[in-house]
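Here's the letter readout for the chains.
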Protein chains: 2
Amino acid sequence: MAFTIGLDYGTNSVRTLIVETTTGKEVGTCVYEYETGQAGIILDEKDHNVARQNPTDYVKGIEVTIKGAIADAKGKDSSFDPAKIIGIGIDTTGSTPLPIDKEGTPLAMLDEFKDNPNANVWLWKDHTGHAEAAEITELAAKEHPEYLAKCGGTYSSEWFFSKVLHCLRVDPKVYDAAYTWIEHADYMTALLTGTAGPDKIKRCRCAAGHKAMFNDDWGGYPAKEFLSKLDKKLGRLSDTLGKKTYAIDTAAGNLTTEWAEKLGIPAGIAVAMGAFDAHLGGVGSGIKEGTLVKIIGTSTCDMVVRDKKADLTDVPGICGIVDSSILPGCWGLEAGQSAVGDIFNWFVNYIQPGGKDAGSHEALTKKAAKLKPGQSGLLALDWNNGNRTILVDQRLTGLLLGQTLHTKPEEIYRALIEATAFGALTIINRFEEYGVKIKEVVNCGGISEKNALLMQIYADVTGREMKISRSAQTCALGSAIAAAVVAGKAAGGFDNCADAQKAMCGVKDTTFKPNPQNHKTYQKLYKLYKQLHDAFGINKETKIMANVMKDLLIIKEEANA
Amino acid sequence: MAFTIGLDYGTNSVRTLIVETTTGKEVGTCVYEYETGQAGIILDEKDHNVARQNPTDYVKGIEVTIKGAIADAKGKDSSFDPAKIIGIGIDTTGSTPLPIDKEGTPLAMLDEFKDNPNANVWLWKDHTGHAEAAEITELAAKEHPEYLAKCGGTYSSEWFFSKVLHCLRVDPKVYDAAYTWIEHADYMTALLTGTAGPDKIKRCRCAAGHKAMFNDDWGGYPAKEFLSKLDKKLGRLSDTLGKKTYAIDTAAGNLTTEWAEKLGIPAGIAVAMGAFDAHLGGVGSGIKEGTLVKIIGTSTCDMVVRDKKADLTDVPGICGIVDSSILPGCWGLEAGQSAVGDIFNWFVNYIQPGGKDAGSHEALTKKAAKLKPGQSGLLALDWNNGNRTILVDQRLTGLLLGQTLHTKPEEIYRALIEATAFGALTIINRFEEYGVKIKEVVNCGGISEKNALLMQIYADVTGREMKISRSAQTCALGSAIAAAVVAGKAAGGFDNCADAQKAMCGVKDTTFKPNPQNHKTYQKLYKLYKQLHDAFGINKETKIMANVMKDLLIIKEEANA
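Everything numeric here is computed off the predicted structure, so don't read it as measured data.

Here the focus is the overall build of chain A. Within chain A one finds 21 helices and 21 strands. Here the C-alpha radius of gyration of chain A, 23 Å, is about what a compact globule of 561 residues would show, namely 24 Å. Expressed as lengths along the three principal axes of its C-alpha atoms, the size of chain A is roughly 70 × 60 × 50 Å. When each of the 561 residues of chain A is scored for burial, the buried share is 62%. Across chain A, contacts joining residues at least 24 apart in sequence account for 72% of those joining residues at least 6 apart. Just so you have it, chain A exposes about 20,700 Å², and 50% of that area is on carbon and sulfur atoms.

Given below as structure tokens:
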């Protein structure tokens, strides 16, 4: 009997999950809420684009949660023994880079920079680099369109080089003091394995491929000459990035004695290369060729893998297609909806302040469940936060149509759920139109576990069975799976991801099967959704309504100027 | 010094207003709430189309309110003396017909029929005749398209012949017992002047022209042969309708001694021909060539008159164009929006159950007033209850566009106000496109008095000054004006409507002038409103989105079947 640790760094907290490798049984867990800032995030009242974190919270979280999870496991399972832990896997948010010195110490931990937010970690949702993102997009479009082809045509302000370039521009002192910048996941693995120094750092494929334009086709990261054109100093960063990146079945190294002693687990055990939380959530949900894993929360992440031996043309509108970013040896395809739970939260928090009885998620869901498909006469678009996949356009907005003088809140609530289901179907259809067959859909994330109405509507709209991942902690489980693979079969782990997933993943007994009658009605409604989607969203030469939302945003910006 | 009485029959109550003729000063008033049914309306739990009234309430209301208004005037104004009352004018809802016997007695007042709702008054919003309306439309389209040309192409279930034909079909006993059917307004004038018998009844132009296809061009009411094709018995009704109808400057007759004694006012004074409340509201707001009068309540009635000597082509999408229906000697043009206040009520009552602080009209208006035009990024269509004018399509529904995850209720509330303003502008533009110049806009009705934000938005959207009628009771004032005209100058009244209006009408000192900057922004927004309006509303051969709302309604009907 062997155990692995999955260390799952979220936006507000870090969790350790200890998993038994042969069964996937989750024997212990512990969560540590970051202490700095608001819910772990350092904000700036004057600039809503700022979102930073304190790396000290990450480091403290290792010890607190691993020790806590060990205590939890000991209490629950007498067969558990920390000496039987054979590996550690790590997932984090991203792109969440931080500046480090040559020794691998975050600048934020140095006295000189301890009060400088620019020396902190730049959290994924920090948007201060929006001008730099536009600059990178413009230059890449001109000189290296291939860089953009794999990431939907636009380099985002959330991504690695936008953040680094912005720091260079606004705080050259921090930039100059940094030996390099490193993704949160890579910092954690380097720290635990003592590989933070020059020529030792291993960077993970997932972050590099999805957020830093890394691709073996052009020799790795963007060319030094390209980065230098953005800024000479950015070109110099190029020398520290290395030429290789690594998938989750590669060990970052072995746990240092120092950390082993601190944590009370064996020294020298393998630490797997990190990856983004969603991607390891895909792994923990049993992702494989033909399986779509949907992580449904405030937004969604929709993941598919495709064997590298299979044909794969670019799928238009799918933001990220990266070799081995999810499973080694497979293309990782990442799609997603910019808002799902966030739309329902908006409706409940902003539009329905009627309190528990009138306007809670529970009350609205209960009433909405009594409605039949089509019965309200309502139809909505799920674009309140733009459209991340297919249209790849943040300058799209919501739409609700069909309301009368009798339209009730629960009808709107249901229409919003249906809109997100239609959005989900549009992504599935796009994959299949480009030869990526979806044979199975596995859902995970809070909403999929909590909202049976939503899952049934998704089944009815898509005409597909909706399965729910067995684990409530698929990201941490995915990390534990990566740990089991790098530990290897001899140590009580596995030879490869597929074997590990077969043993450690599963779906719940309860699944949601489509109701044929409802599906028929939803096919009619989807036709109308698609008509609105294409008319308002697709800006062809023969554009129909595609100007409307954009013109409104221009007027809005003028009004707010 | 002379006074006239305006008797104003609304949907739930009747009001008497006593007005001094030379100044328009309102010296006394009294309201009587109908006693029968719910708020004066007899409903049928099993059939929501049913809306009837008890004529006894109307009769009782004469005495209660005229006596009450006299008492009120005596208390307030020592110069008032009921002996100085020189005439009575009457407005009612419509089409609101009732069956009467040869003596002019409503069948509902006979013992035989007193418990039969079909013998009652069929209130304007009774929709039981919807099948008959379709039947009439179909036959007219085939045999007499000219009948439909003046009423927007569709004969409504709310109108005279739909109701009469439905009664004939479902309750032949009532139909057979009736000598004829008469509009509410005509019943009141016949009652007060003792002219209810055969060959004595005078019918008003307003109701006949707008709701019963009366037009001098084809010799008055629809041909007997046409009505007979619908049903032989309906053809026989034709003989009782007469060939002439009368405008409000014609006396229906003189007040009978019996009623004079009962009311304590002079016998023999002139009683003016009645008209619909909205139309006399137009008169009471000083309507004249070039003035648009908007009565803004749950819906709107937009009225314009056009001198009969001027050129007037049909204005497409304007439902009613009737000779002398508002002012004698002028075409009366009636347009309107199917829902205005009703849309705001829907939002507050259904969507915003947050109570006084969060979701009242007052709270939302206060917050909405702080927003600048365009600032919310929202745009709405005002079609929650269909579109009465321009598109003439009840099968259109609401639309809201531009919402984000931060959209607030007051932003939606303001967008809904703006949508109704854009709808109002669309009507103004349509009039002007067809040569009917609008030089002045006078508003009346509850919302125009109470909601300064709405009036300012209307001014800013239309780029026109919004005036507010001085009287809070423009319908009753219009009736009092008609009374002053039929009383004549010699008696202390006037020779014609124009003179009477000049003396008795006015606008408030406070008007709403357009803010040029806001108007500029609203011009941009209106362009987008018009784009949505035409795309979703106009079903040309090159239709773009015009199927969407209708297909949704079909799916809705299937779901509810």
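Take empty space enclosed by the protein next. This model, assessed by the stated rule, comprises eight cavities of 30 Å³ or more. As for the largest cavity, its lining consists of 14 residues, and the residues nearest its centre are Leu400(A), Ile412(A), Phe347(B), Leu400(B) and Ile412(B). If you list the elements that add at least two residues to the lining of the largest cavity, you get helix H12 (341–351), strand S19 (398–403) and helix H15 (409–433) of chain A together with helix H12 (341–351), strand S19 (398–403) and helix H15 (409–433) of chain B. By residue class, the composition of the lining of the largest cavity is 12 nonpolar, two polar and no charged.

A word on the relation of the copies chain A and chain B. In screw terms, the move from chain A to chain B is a rotation of 179 degrees and a rise of 0.0 Å along the axis, fitting with an RMSD of 0.1 Å. Taken together, the rotation and translation relating the two chain copies correspond to the operation of a two-fold axis. Looking at chain A, 100% of its interface residues are interface residues in chain B too, so the copies touch through the same face.

For the rest of this paragraph, the subject is the sheet that holds strand S16 (residues 320–323) of chain A. Residue and element names in this part refer to chain A. Across the sheet, six strands lie side by side as S16-S17-S15-S14-S20-S21; this open sheet has mixed pairing. Across the chains shown, the open sheet's two edge strands, defined by having one partner strand only, are S16 and strand S21 (466–468). Strand-to-strand, the axes of this sheet are offset by a mean angle of 25 degrees, without reference to chain direction. Sheet topology places strand S14 (residues 291–296) next to strand S15 (residues 300–307); four bridges connect them, and they run antiparallel. Paired with Ile 296 across the strands is Thr 300, a residue of S15.

Residues and elements named next belong to chain A. What the rule picks out here adds up to 33 aromatic pairs over all chains. An aromatic cluster is built from Phe 344, Trp 346, Phe 347 and Tyr 413, whose rings are joined through pairwise contacts. Above the face of the Tyr 246 ring, Lys 202 is positioned so that its terminal group lies 5.4 Å from the ring centre. The lysine or arginine in question, Lys 308, covers the ring of Trp 331, its NZ or CZ lying 5.5 Å from the ring centre.

Before going further, it helps to spend a moment on the interface of chain A and chain B. Each side of the interface is counted separately: chain A has 54 residues, and chain B has 54 residues. For the chain A and chain B pair, buried surface summed over both sides reaches about 4,600 Å², with 66% attributable to carbon and sulfur atoms. Summed over the shared surface of chain A and chain B, the result is two salt bridges. Taking the shortest distance from any N to any O, the salt bridge between Glu558(A) and Lys524(B) comes out at 2.7 Å. Connecting chain A to chain B are 21 residue pairs in polar contact (both at pLDDT 80 or more). Counting only elements with at least two residues in the side of chain A that touches chain B, the list comes to H12, S19, H15, helix H20 (516–537) and helix H21 (547–560) of chain A. Counting residues per element, the side of chain A that touches chain B draws most heavily on H21(A), at 10 residues. When its residues are assigned to classes, the side of chain A that touches chain B shows 28 nonpolar, 19 polar and seven charged. One ladder, built from five bridges, connects S19(A) with S19(B); its direction is antiparallel. Each bridged residue has a counterpart across the sheet, and for Leu400(A) the counterpart in S19(B) is Leu400(B).

So, on to the sheet that holds strand S20 (residues 440–444) of chain B. All names here are of chain B. If you walk across this open sheet you meet the six strands as S16-S17-S15-S14-S20-S21, and the pairing is mixed. Looking at the sheet topology across the chains shown, the edges are occupied by strand S16 (320–323) and strand S21 (466–468). Across the sheet, the mean angle separating the axes of adjacent strands is 25 degrees when strand polarity is ignored.

Per the counting criterion, the structure on display carries 52 salt bridges over all chains. Through salt bridges with shared partners, one network takes in Arg205(A), Asp216(A), Lys308(A) and Asp323(A).

A separate point is the nonpolar core. Counting 140 residues, the largest nonpolar core has Phe431(A), Leu532(A), Phe536(A), Phe431(B), Leu532(B) and Phe536(B) as the members making the most contacts within it. Once residues lying within four places of it in the same chain are set aside, the contact partners of Phe536(B) are Leu401(A), Leu532(A), Phe536(A), Met545(A), Trp383(B), Leu396(B), Leu399(B), Met545(B), Ala546(B), Val548(B) and Met549(B). Membership of the second largest hydrophobic core comes to 39 residues, among which are Ala270(A), Met303(A), Val305(A) and Leu477(A).

For the rest of this paragraph, the subject is unusual backbone geometry. In this model, Gly94(A) is joined to Ser95(A) through a cis peptide bond whose omega is 0 degrees. Within the element layout of this structure, Ser95(A) appears in the loop between strand S5 (85–92) and strand S6 (97–100). At Ala39(B), a residue that is not glycine, the phi angle is positive and equals roughly 50 degrees. Inspection of the secondary structure puts Ala39(B) in the loop between strand S3 (26–33) and strand S4 (52–53).

A few words now on the side chain of Ser157(A). All names here are of chain A. Relative to the helices and strands, Ser 157 is located in the loop between helix H3 (145–149) and helix H4 (160–170). Given a relative accessible area of 12%, Ser 157 falls into the buried group. For Ser 157, the contacting residues outside a window of four places in its chain are Asp 126, His 127, Gly 129, His 130, Ala 133, Ser 162 and Lys 163.

Right, let's talk about the packing of helix H11 (residues 277–284) of chain B against helix H18 (residues 474–487) of chain B for a bit. Residue and element names in this part refer to chain B. Relative to each other, H11 and H18 sit at 75 degrees, their axes nearing to 6 Å. Comparing their axes, H18 and H11 come out roughly perpendicular. On H18, the residues touching Asp 277, Leu 280, Gly 281, Val 283 and Gly 284 of H11 are Thr 474, Cys 475, Leu 477, Gly 478, Ser 479, Ile 481 and Ala 482. Considered class by class, the residues forming the contact of H11 with H18 number six nonpolar, five polar and one charged.

Residue and element names in this part refer to chain B. Of the two faces of strand S6 (residues 97–100), the one lined by Pro 97 and Pro 99 and the one lined by Leu 98 and Ile 100 are each fully buried. In the sheet, S6 pairs with strand S8 (residues 180–183) via four bridges, with the strands oriented antiparallel. Of the residues in S8, the one forming a bridge with Ile 100 is Thr 180.

Turning our attention to the domain arrangement of chain A. Residue and element names in this part refer to chain A. Split into domains, chain A comes out as domain 1 (3–276) and domain 2 (288–468 + 515–561). For domain 1 versus domain 2, the separation of C-alpha centres amounts to 30 Å. Facing 12 residues of domain 1, the contacting portion of domain 2 comprises 13 residues. Together domain 1 and domain 2 conceal approximately 1,100 Å² of surface at their shared face, both sides included; 53% is due to carbon and sulfur atoms. For the domain 1 face of the interface with domain 2, the top three residues by lost area are Lys 150, Arg 205 and His 210, together amounting to 49%. Taken together, the connections running from domain 1 to domain 2 amount to one salt bridge. Between the two partners, domain 1 and domain 2, sit two residue pairs in polar contact (both at pLDDT 80 or more). With four residues, the top contributor of residues to the side of domain 1 that touches domain 2 is helix H7 (residues 205–211).

A separate point is the state of the cysteines. All names here are of chain A. Scanning the model with the defined rule gives zero disulfides over all chains in all. Lacking any disulfide linkage, Cys 30 is separated from the closest cysteine sulfur, that of Cys 475, by 17 Å. Free cysteine Cys 497: the closest other cysteine sulfur is in Cys 330, separated by 9.2 Å. For Cys 497, a relative accessible area of 7% gives the class buried.

Turning our eyes to something else, we now look at the packing of helix H1 (residues 55–76) of chain A against helix H6 (residues 184–193) of chain A. All names here are of chain A. Close contact between H1 and H6 brings their axes to 11 Å; oriented N to C, the two are set at 55 degrees. One element, H1, and the other, H6, form an angle in the oblique class. H6 is crossed by H1, and the crossing has right-handed handedness. From H1, Tyr 58, Val 59 and Ile 62 reach across to H6, where they touch His 184, Tyr 187, Met 188, Leu 191 and Leu 192. Considered class by class, the residues forming the contact of H1 with H6 number seven nonpolar, one polar and no charged.

Residue and element names in this part refer to chain B. With respect to the helices and strands, Arg 205 occurs in helix H7 (residues 205–211). For Arg 205, a relative accessible area of 10% translates into the label buried. Separated by 57 residues in sequence, Arg 205 and Leu 148 have C-alpha atoms that sit 17 Å apart. Those residues in contact with Arg 205 that sit more than four places away from it in its chain are His 210, Phe 214, Asp 216, Thr 245, Tyr 246, Ala 247, Val 322, Asp 323, Ser 324 and Ser 325. Of note is the side chain of Arg 205, whose polar atom sits 2.9 Å from the backbone oxygen of Asp 323.

Parameters at a glance
Residues numbered from 1 in each chain as written. Chains lettered and ligands numbered in written order. Predicted model: local features only at pLDDT ≥ 70, side-chain atom pairs only at ≥ 80, totals over all residues. Heavy atoms only, no water. Helix = DSSP H or I, 4+ residues; strand = E, 2+ residues; numbered from the N terminus. Rg over C-alpha atoms; globule rule 2.2 N^0.38 Å. Buried < 20%, exposed > 50% of the residue type's maximum accessible area, 1.4 Å probe, protein only. Contact = heavy atoms within 4.5 Å. Areas by Shrake-Rupley, 256 points an atom, 1.4 Å probe, with all protein chains shown as cover. 1 Å grid on protein atoms, 1.4 Å probe; cavity = no way out; pocket = protein on both sides within 12 Å on 5 of 7 lines; lining within 4 Å. Points joined across faces, edges and corners; volume = space filled by probe spheres on them. Nonpolar A, V, L, I, M, F, W, Y, C, P; charged D, E, K, R; others polar. Least-squares fit on C-alpha atoms with pLDDT ≥ 70 in both. Pairing = 2+ DSSP bridges. Axes fitted to C-alpha atoms, helices over the stretch in contact; angles between N-to-C directions. Phe/Tyr/Trp six-rings, centres within 6.5 Å; stacked < 30°, edge-to-face > 60°. Lys NZ or Arg CZ within 6 Å of the ring centre and 35° of its normal. Buried area = accessible area lost by both parts, 1.4 Å probe. Salt bridge = Lys/Arg side-chain N within 4 Å of Asp/Glu carboxyl O. Polar contact = N/O pair within 3.5 Å; in protein donor to acceptor, adjacent residues only side chain to side chain. Core = buried A, V, L, I, M, F, W, Y, C linked by side-chain atoms within 4.5 Å. Parallel < 35°, antiparallel > 145°, perpendicular 65-115°, else oblique. Domains from an automatic or database assignment. Disulfide = S-S within 2.5 Å. Left-handed = near helix turned anticlockwise from the far one by under 90°.

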